[in-house]
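Listed below, chain by chain, are the residues.
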Amino acid sequence: DGGITQSPKYLFRKEGQNVTLSCEQNLNHDAMYWYRQDPGQGLRLIYYSQIVNDFQKGDIAEGYSVSREKKESFPLTVTSAQKNPTAFYLCASQSKDRIGYGYTFGSGTRLTVV
Amino acid sequence: RKEVEQDPGPFNVPEGATVAFNCTYSNSASQSFFWYRQDCRKEPKLLMSVYSSGNEDGRFTAQLNRASQYISLLIRDSKLSDSATYLCVVSVYSSASKIIFGSGTRLSIRP
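Counting starts from 1 at the beginning of each chain's written sequence and moves along it residue by residue. To label them, take the chains in the order written and letter them from A, then take the ligands in the order written and number them from 1. With the structure being a predicted model, the display of local features is reserved for residues of pLDDT at least 70 and the display and counting of side-chain atom pairs for 80 or more, all residues being used for whole-chain, interface and lining totals. Computation of side-chain values: all heavy atoms of the structure, hydrogens and water removed.

Peer 1: Tell me about unusual backbone geometry, residues and numbers included.
Peer 2: Here A:Ser7 and A:Pro8 are connected by a cis peptide whose omega angle stands at -5°. One can find A:Pro8 in the loop between strand E1 (4-7) and strand E2 (10-13). Following B:Gly9, the chain continues into B:Pro10 via a peptide bond in cis, with omega recorded as 10°. A run of H or I in DSSP becomes a helix once it reaches four residues, and a run of E becomes a strand once it reaches two; helices and strands are each numbered from the N terminus. Assignment of secondary structure puts B:Pro10 in the loop between strand E1 (4-6) and strand E2 (11-14). Positive phi, normally seen in glycine, also occurs at B:Arg41, with a value near 65°. When you line up the elements, B:Arg41 lands in the loop between strand E4 (30-38) and strand E5 (45-50).

Peer 1: Tell me about the packing of aromatic side chains, and please be specific about residues and values.
Peer 2: Note on aromatic contacts: the rings of Phe and Tyr and the six-membered ring of Trp form a pair at centre separations within 6.5 Å, being stacked when their planes are under 30 degrees apart, edge-to-face when over 60 apart, and tilted otherwise. As enumerated under the stated definition, the model contains 18 aromatic pairs over all chains in all. Relative to A:Tyr89, the ring of A:Tyr64 lies with its centre 5.9 Å away and its plane at 65°, an arrangement referred to as edge-to-face. Linking A:Tyr64 in strand E7 (residues 64-66) with A:Tyr89 in strand E9 (residues 87-94), this pair joins segments that are 25 residues apart in sequence. For every residue, the accessible area obtained with a 1.4 Å probe (protein chains only) is divided by the maximum for its type, and the residue is called buried under 20%, exposed over 50%, and partly exposed between those limits. Judged by its relative accessible area of 0%, A:Tyr89 is buried. The interplanar angle of 70° and the centroid separation of 5.8 Å between the aromatic rings of A:Phe105 and B:Phe101 together place this pair among those described as edge-to-face. Taken as a pair, A:Phe105 in strand E10 (residues 104-105) and B:Phe101 in strand E10 (residues 98-101) lie in two separate chains rather than in one. Taken individually, A:Phe105 and B:Phe101 each receive the classification buried, so the pair is uniform in this respect.

Peer 1: Kindly report on the sheet that holds E1(A), identifying the contributing residues and their values.
Peer 2: Residues and elements named next belong to chain A. At least two bridges found by DSSP between two strands are what make those strands a pair. Pairing is antiparallel across the open sheet formed by 4 strands, whose spatial order is E1-E3-E8-E7. Among the strands making up the open sheet, the edge pair consists of E1 and E7. Each strand of the sheet is rotated relative to its neighbour by a mean of 20°, with strand direction disregarded. Here strand E3 (residues 19-25) pairs with strand E8 (residues 76-78) via 3 bridges, running antiparallel. Its bridge partner lying in E8, Thr-20 is registered against Thr-77. Comment: axis = line fitted to C-alpha atoms, over the contacting stretch for helices; angle = value between 0 and 180 degrees taken between N-to-C directions.

Peer 1: Quick one: what's the story with the pairing of E4(B), residue by residue and with numbers?
Peer 2: All names here are of chain B. Along E4, 8 of the 9 residues are buried, which leaves the element largely enclosed by surrounding structure. Bridge count between E4 and strand E9 (residues 84-92): 8 bridges; the pairing is antiparallel. Its bridge partner lying in E9, Arg-37 is registered against Tyr-86. Sheet topology note: the E4/E5 ladder contains 5 bridges and is antiparallel. Residue Phe-33 lies in a different strand from E5, and its bridge partner there is Val-50. From the end of E4 to the start of E5, which pair antiparallel, there are 6 residues, and Arg-41 there has a positive phi angle of about 65°.

Peer 1: Explain the environment of A:Val66 to me, and be specific about the residues and the numbers.
Peer 2: Residue and element names in this part refer to chain A. With respect to the element layout, Val-66 can be found in strand E7. Judged by its relative accessible area of 11%, Val-66 is buried. Separated by 10 residues in the primary sequence, Val-66 and Leu-76 have C-alpha atoms spaced 4.8 Å apart. What Val-66 contacts, discounting residues up to four positions off in sequence, is Trp-34, Tyr-47, Phe-55, Phe-74, Pro-75 and Leu-76. Any two residues having at least one pair of non-hydrogen atoms within 4.5 Å are treated as being in contact.

Here it is, written out as structure tokens:
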């Protein structure tokens, strides 16, 4: 079955440590997105990529980095510069031919700073 | 002002009731509209797209009013399983397709 796989489901980070969240899709979707969700709040866009080897900053890119070396993969690195990284991180993808049809989301990664 | 605004709720209604949510958006260039459902600690899932003519899917009806820039979701004969947070989503097609999520409206159905 096609879908988006995020890993790990839960991640604990020490202060000052970089961590990378994985997002893989086998839907042949062109566009991929990373969102952050804090308790009781909506989703905020971190980074997005519409084609391989290209990505754009979203609304809250500071302290994060991404790469898009393959169509299937869009990993997110939470760097030590991100001062408040504890949140629920969601990866999504979308076919450029179906822009009006909404996103498909992965099941998310819960990141906690310890 | 937020680009997409929703009443956060919570809405607490008895099983079988009809409940309606509204959502307003500020960007008149918005072109696609959706309602997503998010269960506690889970990812959002597409509930339905919202079309200009309005659309219905079983007990769910979505309406779009472009002139007033709002969309609505009506749930009839609510079930316990409808308890969730409902996210209003607006898509703006510019040089980079931008999708904006509302903060969500929490719905709780009581027996």
